[in-house]
Amino acid sequence: MNFAEVFTTVLSITGISAALTIIISLAEMKLNDYGICTLDINDGSKTLEVQGGQYLLNSLAANKIFIPSACGGKATCGLCKLQVMEGAGPLLPTEEPYLTEEERENHYRLACQVKIKSDLKLHIPEELFNIKEYLTNVDVLEDLTHDIKLVRLKLPEGEVLNFKPGQFMQFYTKPYDKIKESVFRAYSISSPPSEEGYVEFCIRQVPDGICTTYVHTALNEGDQVQLSGPYGDFFYRGNTKTMVMVGGGSGLAPLRSLALDNLAKGVDANMSLYFGAQKPRDLYYTEEFRDLEEKHDNFKLIQSLSRVEEGDDWDGLTGRITVHLDEDLKKLEDPTDVEAYLCGGPGFLASVRKVLIDNGVPASQIYFDEF
Amino acid sequence: MAKKDPRSAQIQEDMAPGSLTLVGFLGDDTRSYEAIIQQDEAIFQKEGIEIDQVVKALKKLTFKGVDGLGEPVDVGDYEVSVDHFRGWLYCPFKHKKKVSKRNTTLYDKVTGKTIYWSDLSLHLIEDHHFFQGKGSHFRMEPETLIEVLRLEPLDEK
C-alpha cells in the first residue's frame, strides 16, 4: 500500500467517525429534548412550566419550592418524598429502599430521582410553600463553648423569616478545602422569632462533619450564607400546665428559642429547662437563663454535669441529667399534664424518653426532632 | 484498564473526601473499594475468622458502651465510650437509608491498643465487608481487629 492509499484510508475512517459522532450527538439532542413540561401542583392550584430533562427536586427549587433533602440529591437520605400522581414513569431501583409499600401505592417518589420527561401532576404539602431561600451575612461568629459556635446571620434588608420556635433551617456551605461542592445540613434555630432581621444557630463541631467543619474553620464574619426553611414539626403545643424541656450539647438551641419565645409571650405554663453536660466548659447561655429565672417565677434552669473533676469550678448538680429529671417528675401531682420537648442525639433522646414515660408522661406529649 | 460500571463508579466517587463525609472512606488508599474488600476478606479467610464474628463483637461492645451516655464504661479487658452526635451518615453503597452519627472508642487495657468505629463502619462491615481504605479515620486493620477482639477460628473453639 503506497502513501496515497494509506492517506485516503485514514481520511475515510476519520470522516466516517466524525459523521457518526455528529449523527449520535444530533440523535441524543433530539431524544433527550423533552421540551417544556408542565408541573401541575395540588390539582391546578399552582402550575409551572419547566424545561424537561431536569430532576424534579432541582426544578422545584429553581421555582422557589424547597422540598426538604439532606443529601443534596444523591438518593441517600430519602427525605425528598412527594406524591407524583401522573407522569413520573416507573419507580427506579434507587428509590425503592426509601419507599414503603403504602407510599408506593400512594404515588410517593423521591423528587431527586424523578427526571422530568413529560407533564407531571404533583401533590405537595401546603406548609412547604412557606419555605423560602435566604441569602444572609454572618453578623456574629463566636465560641459559646470549646466546641459550639454561635452563628448569628443577618437577613437581607426587609426580609422576614416566619418560623415557629423549635423549627430548623438548612444551612448551605460553600466549597472549601477538599470539598468541591456546596452541601447543606439542618440546624435548629436558637433565636426567637422576635429577633427580627436576624437568625441564630448553635453549631457543634462534629468530628469529620463537612458542614460543622466549614462553620468552625472556614466561615468568617461578613461571609455570605445561604439558608432555606423553615422546616420541621417540633414546636410548642401548649396544651398542658407543665412544660419540660430537656437537652444536651447543641440540643439547647431549639429549646432556647422555645423558652425565650414563650416567656416573651407570657405563656403561663411552668417551664423547666434541663441541660446535661459533662464538664463546666460545656455549659453555655447559663447567665441568660439565670436572668430569666429571676424575672419569671414560672421558669427554672436545671443543669447537671456528669464528669466533674477536682478543681473544677462547679458547685451545682452532678450526675446524669436524667437522674434529676426522674426525681423531679416523681414529685409532680399529675404527670399526664406535662408536655416534654427534647433535643439531643438519639441515645440521649431514648434515655430521656424512657424516664418520662416511666413517670407517666404520655408518649403522645413527648416531642423531639430526630435529625 | 477496564471501565467501571456506572453504579460502581458512583460508589467510588461517593467514597472520596467531601462527598458524603469530610474525609471520605478511602483515606490515601489508591485501590478500588472492590479490591479493598477482596483483600480484607482474604485476610480473615486465611485466619479462619468469619466477618460475622467481628460484627457481633463490635456491636456487643457498642451496645455495652451506650449505657455510659458518653462516659467510659468498663467492659472486662476494655474501656468503651460511645459518643452520639446529631445528624446522620449515608451509606455510599446506597444500601440503607441512614445511620446515626454514633462513634465507639475501644481501649484494650491488655494490648494498650485503641480502635474506633462508627455505626456506619458497622453497617459497611456487616453488609458490604468494607473496612475502609488505609489512612481513613475509620479504617480498622483486620489483624488488629483479630488481636484486640481476641477472635479465634470458629472450628477451634
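Given the structure is predicted, the values throughout are model-derived calculations rather than measurements.

1. A few points about the packing of helix α3 (residues 51-66) of chain B against helix α4 (residues 119-128) of chain B
Residues and elements named next belong to chain B. In the contact formed by α3 and α4, the axes pass within 10 Å of each other and the chain directions differ by 160°. The angle between the axes of α3 and α4 places the two elements in the roughly antiparallel class. Remark: the crossing between α3 and α4 carries left-handed chirality. On α4, the residues touching Ile51, Val55, Leu58, Lys59 and Thr62 of α3 are Asp119, Leu122, Ile125 and Glu126. Taken together, the residues of the contact of α3 with α4 sort by class into five nonpolar, one polar and three charged.

2. With respect to the packing of helix α7 (residues 321-331) of chain A against helix α8 (residues 346-358) of chain A
Residues and elements named next belong to chain A. Where α7 meets α8, the axes come as close as 9 Å, and the angle between the chain directions of the two elements is 20°. Classified by the angle their axes make, α7 and α8 are roughly parallel. In the crossing of α7 with α8, the sense of the turn from one axis to the other is right-handed. Contacts from Ile321, Thr322, Leu325, Asp326 and Leu329 in α7 reach Phe348, Ser351, Val352, Val355 and Leu356 in α8. Grouping the amino acids of the contact of α7 with α8 by side-chain chemistry returns seven nonpolar, two polar and one charged.

3. With respect to the pairing of strand β9 (residues 184-188) of chain A
All names here are of chain A. Among the five residues of β9, four are classified as buried, and the element is accordingly described as predominantly covered. Alignment of strand β8 (residues 168-172) against β9, held across five bridges, turns out to be antiparallel. The partner of tyrosine 172 across the bridge, within β9, is phenylalanine 184.

4. Overview of the interface of chain A and chain B
If you look at the interface, chain A gives 34 residues, while chain B gives 29 residues. Across the chain A/chain B interface, buried area totals approximately 2800 Å², and carbon plus sulfur atoms make up 56% of it. Where chain A meets chain B, there are zero salt bridges. For the interface between chain A and chain B, the tally reads two residue pairs in polar contact (both at pLDDT 80 or more). For the side of chain A that touches chain B, the secondary-structure elements that each account for two or more residues are β9, α4 (210-218) and α8 of chain A. A per-element tally of the side of chain A that touches chain B places α8(A) first, with four residues. For the side of chain A that touches chain B, the per-class residue count stands at 13 nonpolar, 12 polar and nine charged.

5. Describing unusual backbone geometry
All names here are of chain A. The omega torsion of the bond from glycine 229 to proline 230 falls at 0°, within 30 degrees of zero and hence cis. By the secondary structure assignment, proline 230 is in strand β11 (residues 224-231). Phi is positive for aspartate 208, which is not a glycine, with a value near 65°. Relative to the helices and strands, aspartate 208 is located in the loop between β10 (198-204) and α4. The class for aspartate 208 is buried, based on a relative accessible area of 18%. The phi angle at tyrosine 285 is positive, at roughly 60°, despite the residue not being glycine. As for its position among the elements, tyrosine 285 is in the loop between β13 (270-277) and α6 (286-295).

6. Some remarks on the pattern of salt bridges
Residues and elements named next belong to chain A. A complete count under the given rule lists 30 salt bridges over all chains for this structure. For glutamate 293, the salt bridge goes to arginine 290, with nearest N and O atoms at 2.9 Å. Linking glutamate 293 with arginine 290, this pair stays in helix α6, spanning three residues, or about one helical turn. Given the relative accessible area of 23%, glutamate 293 is considered partly exposed. Overlapping salt bridges bring together Asp139, Arg152, Glu195, Glu200, Arg256 and Glu288 as one network.

7. Concerning the domain arrangement of chain A
Residues and elements named next belong to chain A. Once the domains are mapped, chain A shows domain 1 (36-128), domain 2 (131-231) and domain 3 (242-368). Each partner contributes to the interface: domain 2 provides 17 residues, whereas domain 3 provides 14 residues. Note on domain 2 versus domain 3: buried area summed over both sides is about 1300 Å², and carbon and sulfur give 63% of it. It is His146, Pro165 and Cys202 that lose the most area in domain 2 upon contact with domain 3, and together they represent 33% of the buried surface on that side. Between the two partners, domain 2 and domain 3, sit one salt bridge. The partner of glutamate 200 in a salt bridge is arginine 256, with the nearest N and O atoms 3.1 Å apart. There are six residue pairs in polar contact (both at pLDDT 80 or more) connecting domain 2 and domain 3.

8. Regarding the nonpolar core
Residue and element names in this part refer to chain A. Within the largest apolar cluster, 32 residues are counted, with the highest numbers of intra-cluster contacts made by Met245, Phe289 and Phe299. Those elements giving two or more residues to this core turn out to be β7 (148-154), β12 (242-248), α5 (252-265), β13, α6, β14 (299-305) and β16 (338-343). It is α5 that provides the largest number of residues to this core, a total of seven residues. Shared between two domains, this core holds at least three residues of each, these being domain 2 (131-231) and domain 3 (242-368). With near-sequence residues (within four places) excluded, phenylalanine 289 lies in contact with Leu252, Arg256, Ala259, Leu273, Phe299 and Leu301. Ranked by size, the runner-up nonpolar core spans 29 residues in total, among them Leu56, Phe66, Leu82 and Ile124.

9. Considerations on the sheet that holds strand β4 (residues 114-118) of chain B
All names here are of chain B. Read from one edge to the other, the open sheet built from four strands follows the order β1-β2-β3-β4, with strand pairing classed as antiparallel. Looking at the sheet topology across the chains shown, the edges are occupied by β1 (73-75) and β4. Averaged over all pairs of adjacent strands, the angle between strand axes in this sheet comes to 30°, irrespective of strand direction. For strand β2 (residues 78-89) and strand β3 (residues 99-108), the ladder comprises 10 bridges, and the chain directions are antiparallel. Paired with glutamate 79 across the strands is tyrosine 107, a residue of β3. Sheet strands touched by α3: β1, β2, β3 and β4. Its angle to β2, the strand with the most contacts, is close to 85°.

What counts and what doesn't
Starting afresh in each chain, residues are numbered from 1 along the sequence in its written order. Here chains are named by letter from A upward and ligands by number from 1 upward, in the order in which they appear as written. At least 70 in pLDDT is required for a residue's local features to be given in this predicted model, at least 80 for side-chain atom pairs to be given and counted, and no such filter applies to totals for whole chains, interfaces and linings, which use all residues. By convention in this description, side-chain values take in all heavy atoms of the structure and omit both hydrogens and water. Between N-to-C directions, angles span 0 to 180 degrees; the directions come from axes that are lines fitted to C-alpha atoms, helices contributing only their stretch in contact. Helix and strand assignments come from DSSP, with helices taken as H or I runs of at least 4 residues and strands as E runs of at least 2, each series counted from the N terminus. Comment on the angle field: the value is read as roughly parallel under 35 degrees, roughly antiparallel over 145, roughly perpendicular from 65 to 115, and oblique elsewhere. By definition, any crossing whose near helix is turned counterclockwise from its far helix by less than a right angle is left-handed, and any crossing with a clockwise turn is right-handed. Note on definitions: a residue-residue contact is assigned when non-hydrogen atoms from the two residues lie within 4.5 Å. Lys, Arg, Asp and Glu make up the charged group, whereas Ala, Val, Leu, Ile, Met, Phe, Trp, Tyr, Cys and Pro make up the nonpolar group; the residues left over, Gly among them, are polar. For each residue, the accessible area found with a 1.4 Å probe, counting protein chains only, is set against the maximum for its type, and the residue is called buried under 20%, exposed over 50%, and partly exposed in between. A pair of strands is considered paired only if DSSP assigns at least 2 bridges between the two. Buried surface area refers to the total accessible area, computed with a probe of radius 1.4 Å, that the two partners give up upon joining, counted for both partners together. What counts as a salt bridge is simple: a side-chain nitrogen of Lys or Arg found within 4 Å of a carboxyl oxygen of Asp or Glu. The term polar contact refers here to a pair of N or O atoms within 3.5 Å; inside protein, the definition further demands a hydrogen-donor-capable atom paired with an acceptor-capable atom, and it admits residues adjacent in sequence only when both atoms are side-chain atoms. Annotation comment: domain bounds sourced from an automatic or database domain assignment. Only buried residues count toward a nonpolar core, which is a set of Ala, Val, Leu, Ile, Met, Phe, Trp, Tyr and Cys residues joined through side-chain atoms within 4.5 Å.

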